[in-house]
Amino acid sequence: MISNASRFTRRATLGGLGAALALPYVKPSFAQSAPIKVGVLHSLSGTMAISETALRDTVLMMVEYANSKGGVLGRRLEAVVVDPASNWPLFAEKARELLAVHKVDVTFGCWTSVSRKSVLPVFEELNGLLFYPVQYEGEEESKNIFYTGAAPNQQAIPAVEYLMSKDGGEAKRIALLGTDYVYPRTTNRILRGFLKSKGIADADIMEEYTPFGHSDWQGIVARVKRFAGEGKKTAIVSTINGDANVPFYRELGNQGIKAEDIPCVAFSVGEEELAGIDTKPLVGHLAAWNYFMSTPGKPNEEFKALWQSYIKNPKRVTNDPMEATYTGFRMWMQAAEKAKSTAVAAVTPALIGQKLMAPCGYEEEMLANHHLSKPVLIGEIQADGQITTVWKTPDAVKAENWSTYIPENANRRR
Amino acid sequence: MEKLIAGLLLLLVLALPARAQDAFTTALPGLAGGFSEAAAAVEQLGASADPRALPVLRAMAEGRLQKTPEGALRVPQGDGFVDPATGQPADAAGAETVRLNNRVRQALRGALGQLQIISPDAGERLAAAEGVFRSRSAANVPLLEAALAKETVPRIREQMELALAASQLVGTEAEGKRSAIARLGSAGTTEARALLIEARIANPDMATAIDVSLAAIEQTLAIRRAAETLFQGLSLGSVLLLAALGLAVTFGVMGVINMAHGEFVMLGAYATFMVQEACRGIPWLAPWSLPLAVPAAFLLAAAAGAILERGLIRHLYGRPLETLLMTFGVGMILQQAVRSIFGAQNREVTSPAWMQGTMMLPGGIAVTQNRMWIIVFGIAVLLLVIAAIRYTRFGLEMRAVVQNRRIAATMGIRTGRVDALTFAFGSGIAGMAGVALSQIDNVSPNLGTGYIIDSFMVVVFGGVGSLAGTLVGALTLGVVNKVLEPYAGAVLAKVFVLVAIMLFIQRRPRGLFALKGRAAES
C-alpha cells in the first residue's frame, strides 16, 4: 500500500505525464485514433486529501475498467491527474489547465462546494464537462456540471426527519455544527427553514462553525453537552468536513457523549474517514448517505471487487462519493456511446435519462436538472468502522436542487 | 389490617415467579424482530425481573446475540451456543448478529439497569443506577427503594438516589415529586437540570419549588463551567507551550527563524506512529508504546535538526531572510517526503486506555484524560528544558555561545558543535511535542502547518529568549482564546487574539518578559 501511494504521488507530480504511465493499459486492438482524455481534479494534499485521494484512485480505476472493456467508441481512455492541493483558487487554475492545455473531454473532480464554486466559471467559459460526485447544498445548476451526489432533499432533510422520528429518538433540539464555508452554511440555512416548518423554535437550534482542520473541540463539545442539558432530547447534525472530523469524534468519545443520549448524524463522514479513528466509542452515531459499503446486492459486490482488486488491498473500504464517481463514470460512458461522440454538446443531452443499476442497490436516473434520483440511507457506525443501514427510503428520491425551505426559491420555476 | 397487607404481599411474592416466566417466554422472540419490536421486548424483559433475561440482554448489548435464519435466538457460551428460551445447547448455523439501533440501545440500558441494580458487583450496580436514571420511569420507584435500603457504597447510593428522584419526578405521587425536586436541586448536574426543566412544564403547580432547585443547580454549574473553561484554556495553553518550547530554543536563543519547526513536530508524531506499529506485535509492550515514543521522537527530530543545521542553516547565519525562505522550503520537502513514504491518508495513533475518557475532579469538574496528561507532559518537558539549560555542561556552553561567541570560542568551546547541538535540542523538543499532538490531532503530513504560526506568536508574545515568557505567553493565549470562544465562535476568537497580540507588540516590542542588559541589545 505504501508503494502504491508513492507511485501515485509521483504520478500526480508529473501531472500531464500521466499519459506515459497509462500506456501499459493499451491494448493492441485499439484503433489508431487519439485517446479520450479524462481529467482528474481532486486534492492529493492538504486538509481534503483524507477524502479526495480515494476519488482520484476511483477515477483511475474506472479508466482502467473502461479500457479493459475496449474503451469508449473504440478509443482508449487516458487519465490526466492534477493536484489542486486543497487550495480553492488553485482549483480554478488547474481546471483551466485541464481544459485549455490538456483539452480533456470530461473531468471528474472536486469535493468541497467552495472548490466547485471556484471551477464553475471556468467550465462554463471553456464549455467543459464536470462530474461532481459529492453530496452538496444545492442552490446551483450549470449546463456544464452533472451532480452525481445527493441534493439536500436526498440527504440532509431525510436525516433530520429520521432524528425527529420515534426510531431516531424524537429529537426536539438540534445542534448544527459545521466547517465554515458555503456547504455547511447553506445546508444549515435549509435545515433551519425545515426545522421551523416542523415547529422547532430558534432557541432550540444551536449553530457553530469552525475553520478547516480544526483540532481543539473541547469547548464546542462541552457547549453541546450544556445545550442538551436544557431539557428535551438533543441531536447533533454535523456538516464538519475533512480531517477535522477525527479530533471531533475523539472528543465526543472522551467526553462520554453516547449515541443513546445525543446522537450525531454526519453528512460528510463515510467509511474512508472512519478508517483513521477508533470507532468503538462512536457506535450508534449516524451517517446519512445514499450508499454504504455494507449495502447488500450484486452491483455492490462487483463494485467492491473491482475496487479492491484495483487497489490491491482487500481491506480498503468504499464509500458514497466513490460510488457516485463510479455511477457518473458509467453513465458518461453510456451517454458517449449513445451520442457516438465525446463532444460536450453531444454528450450533455444524451446523459439526461441515462439509467444505471447502481451499487447502492437501486436504479438511478439522470434527471433533466443534471442531478440523479437516489435512495436515502441512514446508517449507524459500527465498532469495526463500517456503517450499517438502520433506515432507508422505499424508492429512489428525485433530486430537488432548489430547496423549498429557502424563501428566495419560492418564485423559481420548477 | 397489617395481617391483611402481609397476606397480600405474600400472595404477590408467590404469584410473581409464575407471571415472570410467562413474561420472559412471551417477550423473548421479540428480540429477533424489527427495531421497535425489539425495543418493546427489551423493555418487557427488563420489567420481568427474570434472572434468565440478564445473560440474553447482556449478550445483546455487547453485540454477541445471534439470530438464526429461522428467527431463533442464540447466546454464545464457551465454544458453542445456547438457546435462551430453553437454556439448552443449540446449533447456530447461518446465524447472524442481532443488530441494534439507538432506540434498542436505550431500552437495553434501562432494562439492564433494572436487572442489575441488585447485582453483587459494585461496578454493575453503579452502571445499573445510571441506566435507570436515564430511562426514568415511575415503575422503577419500588425497585430503587428496595435497592437503596441495602446499598452501602456512598457513590452508588448517590447515583441510586438520583435515579429514584428521576423516577419519582415522572410519577403521580406529589410527595415523591417534592422530595425528588429537592434531591435533584442538590445534585448540580446538567442532567438534573434537564429533568427539572421538563418537569417544570409538566407540573405548573410546583413551579416555585422547581425554580428554587434550578437556581441552586445554576449556581453550581456556573462555578463548574468557569473551572472547565479554565481547564480547556490551560489545555490549549499546554499544547501551545509544547509546540513553542522547541522554537523558544532555536528562535529564542539562537535567533534562527525556522519555518520547518512545524515539520519537526510532525516528524515526532510519525515517530509515535512507527513506535506504535513496532510495538503492536508484542502484547506486553503495546500499552507502553506512547512513553517509548517520547525518546524515539526526540532522537528522530533531533537528528533531522542536526542535519539541517550542519547542512544548510550554518551557511546562512546572520541572513534571516534567506534562512526563513530556505527553512520554508525544507518544511515543504519534509512534508512531501512524509507524504510519499506514509501516504496522504492520516495515520491512526491509538490512545492507551489510561488516556481515554473523562476524569472527575473534586467538585464534579469533568476533565478529559488525554488533555490532562498533555498538561502534565507539557510541564515535564518545560522542566526538562530548564534543567538542561541551567544545570548541564551543554547548557552552560550554549549560554556562553549565545552571550559572546568569540570569548566562548577563546575559552575552548567548539561553537559550531554547540550550535548544532542547540538546534538539534530545540528540534528534538518539537519532536516530543509531536508525541502529545498525535493524541489530539491528525497524524498527517500537514500536522505542523497548523502550529507554526501559533508557535511564533507565543514566542514573540512571551518575549524572545525567555522560557518563562514562553510559559506565560502560551497559557495566557490558551485561556484568553477559550474564554472568548463561547461569545465569538472558534473562528473569530482566533482573530481577536491575533489582533490583541499585534496591539500588544506595538506597545511592548520585546514581549512580556523582555531581556534586559547588554545581551539584549546585541
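Residues numbered from 1 in each chain as written. Chains lettered and ligands numbered in written order. Predicted model: local features only at pLDDT ≥ 70, side-chain atom pairs only at ≥ 80, totals over all residues. Heavy atoms only, no water.

Things to note about the sheet that holds strand S2 (residues 77–82) of chain A
All names here are of chain A.
Argument step 1. Within the open sheet, the 5 strands sit side by side as S2-S1-S3-S4-S5. Their pairing is parallel. One side of each edge strand has no neighbouring strand; the edge strands of this open sheet are S2 and strand S5 (145–147). For this sheet, the mean angle separating the axes of adjacent strands, direction not counted, is 25 degrees.
Argument step 2. Note: strand S4 (residues 130–132) against S5, 3 bridges, orientation parallel. Of the residues in S5, the one forming a bridge with Tyr132 is Tyr147.
Argument step 3. Contacts from helix H3 (residues 49–68) reach strand S1 (36–41), S2 and strand S3 (106–109), with the element oriented near 165 degrees to S2. (Pairing = 2+ DSSP bridges. Helix = DSSP H or I, 4+ residues; strand = E, 2+ residues; numbered from the N terminus. Axes fitted to C-alpha atoms, helices over the stretch in contact; angles between N-to-C directions. Contact = heavy atoms within 4.5 Å.)

Things to note about the sheet that holds strand S2 (residues 73–77) of chain B
All names here are of chain B.
Argument step 1. With respect to topology, 5 strands assemble into an open sheet ordered S4-S3-S2-S1-S5, the strand pairing being antiparallel. Two strands bound the open sheet, and with one partner strand each, they are strand S4 (89–90) and strand S5 (96–97).
Argument step 2. Looking at chain direction, S2 and strand S3 (residues 80–82) are connected through 3 bridges and run antiparallel. Following the sheet pairing, Val75 is matched in S3 by Val82.

Examining the pattern of salt bridges
Opposite charge on two side chains permits pairing when their charged atoms draw close.
Argument step 1. One pass over the structure, following the stated rule, counts 46 salt bridges over all chains.
Argument step 2. Here Lys304(A) makes a salt bridge to Glu301(A), at a shortest N to O gap of 3.7 Å. Here Glu301(A) and Lys304(A) lie together in helix H11 (residues 298–310), a separation of 3 residues that amounts to about one turn.
Argument step 3. Residue classification places Lys304(A) among the buried positions, given a relative accessible area of 15%.
Argument step 4. For Lys374(A), the salt bridge goes to Glu323(A), with nearest N and O atoms at 3.9 Å. You can see Lys374(A) sitting in the loop between strand S12 (363–365) and strand S13 (377–381) and its partner Glu323(A) sitting in helix H12 (residues 320–339), a full 51 residues away along the chain.
Argument step 5. The buried category is assigned to Glu323(A), whose relative accessible area is 0%.
Argument step 6. Where salt bridges share partners, they join Glu208(A), Asp216(A), Arg223(A), Glu251(A), Arg371(B), Lys482(B) and Glu485(B) into one cluster. (Salt bridge = Lys/Arg side-chain N within 4 Å of Asp/Glu carboxyl O. Buried < 20%, exposed > 50% of the residue type's maximum accessible area, 1.4 Å probe, protein only.)

A closer look at the domain arrangement of chain A
All names here are of chain A.
Argument step 1. When cut into domains, chain A gives domain 1 (2–150 + 297–365) and domain 2 (153–294 + 376–411).
Argument step 2. On a C-alpha basis, the centroid separation for the pair domain 1 and domain 2 is 28 Å.
Argument step 3. Between domain 1 and domain 2, the contact holds 35 residues from the first and 34 residues from the second.
Argument step 4. When the two sides are added together, the surface that domain 1 and domain 2 hide from each other amounts to roughly 2,900 Å², 58% of it contributed by carbon and sulfur.
Argument step 5. Looking at the side of domain 1 facing domain 2, the largest losses of area belong to Gln135, Glu139 and Tyr362, adding up to 22% of the total buried there.
Argument step 6. At the boundary of domain 1 and domain 2, one finds 1 salt bridge.
Argument step 7. Among the ionic pairs, Arg316 bridges to Glu272, the shortest N-O distance being 3.4 Å.
Argument step 8. The interface formed by domain 1 and domain 2 includes 19 residue pairs in polar contact (both at pLDDT 80 or more).
Argument step 9. For the side of domain 1 that touches domain 2, the secondary-structure elements that each account for two or more residues are H3, helix H5 (113–125), H11 and H12.
Argument step 10. Considering every element that reaches the side of domain 1 that touches domain 2, the biggest residue donor is H11, with 4 residues. (Domains from an automatic or database assignment. Buried area = accessible area lost by both parts, 1.4 Å probe. Polar contact = N/O pair within 3.5 Å; in protein donor to acceptor, adjacent residues only side chain to side chain.)

Things to note about helix H9 (residues 245–254) of chain A
Every α-helix carries 3.6 residues per turn, so stepping three or four residues along brings you back to the same face.
All names here are of chain A.
Argument step 1. The buried fraction of H9 is high, at 9 of 10 residues.
Argument step 2. Taken together, the buried positions of H9 are Asn245, Val246, Pro247, Phe248, Tyr249, Arg250, Glu251, Leu252 and Asn254.
Argument step 3. Two residues or fewer after H9 comes Gly256, characterised by a positive phi angle close to 70 degrees.

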